[in-house]
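Letter by letter, the chains look like this.
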Amino acid sequence: MRKIFSMAAITFLQGFRTQTFRIVGMLFVAIMAMTYALRVLSIGHKEMMLRSFGLSVMEISSLLLIIFGCVASFYRERETRLQAIHLTYVSSFDHVLGRLLGNCLLVGAYTILATLACALVLWHENAWSWAFVIGAYSIFLKLCIVCVFCSLFSNLLSSSIFASLMTVFVYFAAEYASYPLAMMRRTPSVIPDWFSRVVYHLLPNFDKIDLKYSAIHGEGVAALLLVEITLYSLLYIAVVFIPAWRAFARHEH
C-alpha cells in the first residue's frame, strides 16, 4: 500500500504544480465572475442561477483538467522515461492504481477549492444551501469514473489526442445515454430497444449519479442514495480499472 500511496502522491503533486491546474482554475474564476455580473438578468431565480452555473462550470473545468492535465501527464511521463524509472521500484499494478488515485485526489482537491469559491459567492448573495455540497460530491464521483477511463485509454492508445477524444466521447455518451431510452418509450425507433438498453448499462449511468438538479433547487437527498451512488461508482471504477491495469502490464517499458 505504501508504494501505491507514494505513486498517488507523486501524481497529485505533479498535477497540482502544472500550469494546466492554474489555467483551469483561472477559467473557473473568470466564468464565475461573469456569472456574478449577469446575476441581475435572472429575475426571481438568482439563487438557482448561481448554483446552476457554479456546479456546471465546476464540472466542465474539472473535465478540462482531466483531458489536458491527467492525459498529458501520462504521456509526458512515458516520453521522459520517468515511467520506466518508477517501474524499477513499483509493480505495474501499484503504478496504475497509484496514478488513478493521484488523479482522483487532484480532481477532488480542485472540486473542494471550486466549492469553497462558489460558497463565498452564494453566501454573499444569500443563495447558499448545503445541498450544493451534495451536488459537488456527485460531480466528483462522475469525474472519478472519467479518470479511470482516462487511465484505460492512455494505456491502450499510443496517441494522447485519441486518448483525450475517447475520454470526452465516453463522458458525453454517459451523460446523454438516458435520453434515447426516454424517447424510445414515446415513439418507435429503428434501433432495437434491447440494443439501446445494453449500451446504456455498459456506460456509466451518470443520470443516476448526478445530483446537480437537486442541489440547484436546494433539495436534500436521502443518505441511502449517497451510499448507493458511491458504491456504484466504486464498483464501476474497479471494473474498468482491471483492463486498464492489464493493458499497461502488457506494454514493454
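On a predicted model such as this, the values are computed, not experimentally measured, just so you know. (Residues numbered from 1 in each chain as written. Predicted model: local features only at pLDDT ≥ 70, side-chain atom pairs only at ≥ 80, totals over all residues. Heavy atoms only, no water.)

**Structural notes on the pattern of salt bridges**
- Under the criterion given, the structure shown has six salt bridges.
- With a shortest N-O distance of 2.9 Å, Glu-59 and Lys-212 are connected by a salt bridge. Here Lys-212 lies in helix α11 (residues 212–216) and Glu-59 lies in helix α3 (residues 46–79), a separation of 153 residues in the sequence.
- Judged by its relative accessible area of 3%, Glu-59 falls in the buried class.
- Taken together, the shared-partner salt bridges connect Glu-59, Lys-142, Glu-175, Asp-210 and Lys-212 into one network. (Salt bridge = Lys/Arg side-chain N within 4 Å of Asp/Glu carboxyl O. Helix = DSSP H or I, 4+ residues; strand = E, 2+ residues; numbered from the N terminus. Buried < 20%, exposed > 50% of the residue type's maximum accessible area, 1.4 Å probe, protein only.)

**Considering the packing of helix α2 (residues 19–37) against α3**
- The contact between α2 and α3 brings their axes to 10 Å, and the two run at 160 degrees. Taken as axis vectors, α2 and α3 run roughly antiparallel relative to one another. Read as a crossing pair, α2 and α3 show a hand that is right-handed. Here α2 contributes Thr-20, Phe-21, Val-24, Leu-27, Phe-28, Ile-31, Met-32 and Thr-35 to the contact with α3, which in turn contributes Met-49, Leu-50, Phe-53, Gly-54, Val-57, Met-58, Ser-61, Leu-64, Leu-65, Phe-68 and Gly-69.
- Here the residues of the contact of α2 with α3 sort into 14 nonpolar, five polar and no charged. (Axes fitted to C-alpha atoms, helices over the stretch in contact; angles between N-to-C directions. Parallel < 35°, antiparallel > 145°, perpendicular 65-115°, else oblique. Left-handed = near helix turned anticlockwise from the far one by under 90°. Contact = heavy atoms within 4.5 Å. Nonpolar A, V, L, I, M, F, W, Y, C, P; charged D, E, K, R; others polar.)

**Focus: the state of the cysteines**
- Across all of its chains, the model carries zero disulfides by this definition.
- In this model Cys-118 remains outside any disulfide bridge; the closest cysteine sulfur is found in Cys-144, 18 Å from its own.
- Looking at the unpaired Cys-147, the closest cysteine sulfur is the one in Cys-104, lying at 4.5 Å.
- The class for Cys-147 is buried, based on a relative accessible area of 1%. (Disulfide = S-S within 2.5 Å.)

**Here's the deal with the packing of aromatic side chains**
- Applying the stated rule across the entire model yields 15 aromatic pairs.
- Seen in terms of ring centroids, Phe-12 and Phe-16 are 5.8 Å apart; in terms of plane orientation they differ by 25 degrees. Their pairing is stacked. With Phe-12 and Phe-16 both in helix α1 (residues 2–17) and four residues apart, the pair spans about one turn of that helix.
- For Phe-12, a relative accessible area of 21% gives the class partly exposed.
- Judged by relative accessible area, Phe-16 falls into the partly exposed class, the value being 37%.
- With a centroid separation of 5.5 Å and an interplanar angle of 80 degrees, the aromatic rings of Phe-74 and Tyr-75 are classed as edge-to-face. (Phe/Tyr/Trp six-rings, centres within 6.5 Å; stacked < 30°, edge-to-face > 60°.)

**Side note on the confidence of the model for the protein chain**
- Looking at the protein chain, the pLDDT average stands at 86 and 91% of residues meet or exceed 70.
- Ranking the helices and strands of the protein chain by mean pLDDT puts helix α6 (residues 131–156) first, with 94, and helix α8 (residues 178–186) last, with 67. (pLDDT = per-residue confidence, 0-100.)

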